[in-house]
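An overview of the molecular structure
Single-letter residue listing:
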Amino acid sequence: MKYFSIVLLLVAFALTGSAQNKDAILGKWVNSTGEAHIDVTKRSDKYFGKIVWLKDPKDEKGNVKTDYKNPNTSLRSKQIVGLEILKNFVFEDGKWTDGSIYDPKSGKLYSCNMTLKANGDLNMRGYIGVALLGRTEVWKRVK
């Protein structure tokens with residue numbers, strides 16, 4: 001009985017630990033180039049992120065930057081600040097998977113996985129098809 005109680009206690013701690021870890025990515029992050037801050041939020045059991053700050057919010061003509069490279073012409077006038085670029089991530093086995101990341105610089109959408117490193121940085125792995133053939137960026141938490 002004592003052994004069973006210890007096992008049950010360890011299982012409870014493991015489940016509690018994973019429940020705490022899944023929301024560890026919530027908050028504001030700066031992308032690898034330092035050009036944008038992205039606010040990661042949660043809706044239901046999925047994670048999303050939108051651009052909330054740009055280093056240069058205006059183009060060379062002084063106009064507010066828009067999503068002019070979006071393949072959907074009806075979305076090209078949408079402002080970059082406020083644009084949701086991370087969508088539909090789910091937490092599984094210590095990482096956030098099955099989501100997508102949109103690159104407003106190219107107008108391209110990529111599959112994406114995210115992992116939190118031991119130092120608190122966020123690895124963003126964007127890819128088309130197979131994750132092995134993608135690119136990783138490291139985001140840092142905004143202080």
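Comments concerning the confidence of the model for the chain
On average, residues of the chain score 89 in pLDDT, and 86% of them reach the 70 mark or higher. Long-range and interchain partners of residues 3-19, a stretch whose pLDDT sits below 50, account for one contact in this model, where long-range means more than four residues apart.

Quick look at the pattern of salt bridges
With the rule as written, the count across this model stands at five salt bridges. A salt bridge links Glu35 to Lys105; the nearest nitrogen and oxygen atoms lie 2.7 Å apart. Taken as a pair, Glu35 in the loop between β1 (27-30) and β2 (36-43) and Lys105 in the loop between β5 (95-103) and β6 (108-116) lie far apart in primary sequence, 70 residues in all. Judged by relative accessible area, Lys105 falls into the exposed class, the value being 55%.

Things to note about the sheet that holds β5
Strand order in the closed barrel formed by eight strands is β1-β2-β3-β4-β5-β6-β7-β8, and the pairing between neighbours is antiparallel. In this sheet, neighbouring strand axes are inclined to one another by 30° on average, regardless of whether the strands run parallel or antiparallel. Sheet analysis places β6 next to strand β7 (residues 122-127), joined by six bridges and oriented antiparallel. When the sheet's bridge partners are listed, Thr115 is paired in β7 with Asn123.

Structural notes on the pairing of strand β8 (residues 135-141)
As defined by bridge partners, β1 adjoins β8 across two bridges and the pair is classed as antiparallel. In the strand pairing of β8, Val30 is matched with Lys140.

As for the environment of Ile51
By secondary structure assignment, the location of Ile51 is in strand β3 (residues 46-54). You can call Ile51 buried: its relative accessible area is 4%. Each C-alpha atom of the pair Ile51 and Val81 lies 5.2 Å from the other, and the pair is 30 residues apart in sequence. Contact partners of Ile51, with chain neighbours within four places excluded, come to Ala36, His37, Ile38, Ile80, Val81, Gly82, Leu83, Ile85 and Pro104.

Concerning the pairing of β7
Hairpin geometry of β6 and β7 is characterised by an intervening segment of five residues between the two adjacent antiparallel strands and by a positive phi of about 95° at Gly120. Across five bridges, the pairing between β7 and β8 is antiparallel. Across the sheet, residue Gly126 finds its bridge partner in β8, namely Arg135.

Digging into the packing of aromatic side chains
Counted by the stated rule, this structure contains one aromatic pair. Sitting over the face of the ring of Phe48, Arg43 holds its NZ or CZ atom 3.7 Å from the ring centroid.

Overview of the side chain of Asp67
With respect to the helices and strands, Asp67 occurs in the loop between β3 and β4 (84-92). The buried charged residue Asp67 lacks any salt bridge, with Arg76 as its nearest oppositely charged partner at 7.7 Å. Engagement of the side chain of Asp67 in a polar contact is seen with the side chain of Asn70, the distance being 2.7 Å. Contact partners of Asp67, with chain neighbours within four places excluded, come to Leu75, Arg76, Lys78, Ile80, Leu83, Tyr102 and Pro104.

A word on unusual backbone geometry
The residue Asp93 is not glycine, and still its phi comes out positive at about 50°. Position of Asp93 among the secondary structure elements: in the loop between β4 and β5. Using a relative accessible area of 79% as the deciding quantity, one classes Asp93 as exposed. At Asp98, a residue that is not glycine, the phi angle is positive and equals roughly 60°. Looking at the secondary structure, you find Asp98 in strand β5. Taking relative accessible area as the criterion, Asp98 reaches 57% and is therefore assigned exposed.

Rules used throughout
- Residues numbered from 1 in each chain as written.
- Predicted model: local features only at pLDDT ≥ 70, side-chain atom pairs only at ≥ 80, totals over all residues.
- Heavy atoms only, no water.
- pLDDT = per-residue confidence, 0-100.
- Contact = heavy atoms within 4.5 Å.
- Salt bridge = Lys/Arg side-chain N within 4 Å of Asp/Glu carboxyl O.
- Helix = DSSP H or I, 4+ residues; strand = E, 2+ residues; numbered from the N terminus.
- Buried < 20%, exposed > 50% of the residue type's maximum accessible area, 1.4 Å probe, protein only.
- Pairing = 2+ DSSP bridges.
- Axes fitted to C-alpha atoms, helices over the stretch in contact; angles between N-to-C directions.
- Phe/Tyr/Trp six-rings, centres within 6.5 Å; stacked < 30°, edge-to-face > 60°.
- Lys NZ or Arg CZ within 6 Å of the ring centre and 35° of its normal.
- Lys, Arg positive; Asp, Glu negative; His and termini not counted.
- Polar contact = N/O pair within 3.5 Å; in protein donor to acceptor, adjacent residues only side chain to side chain.

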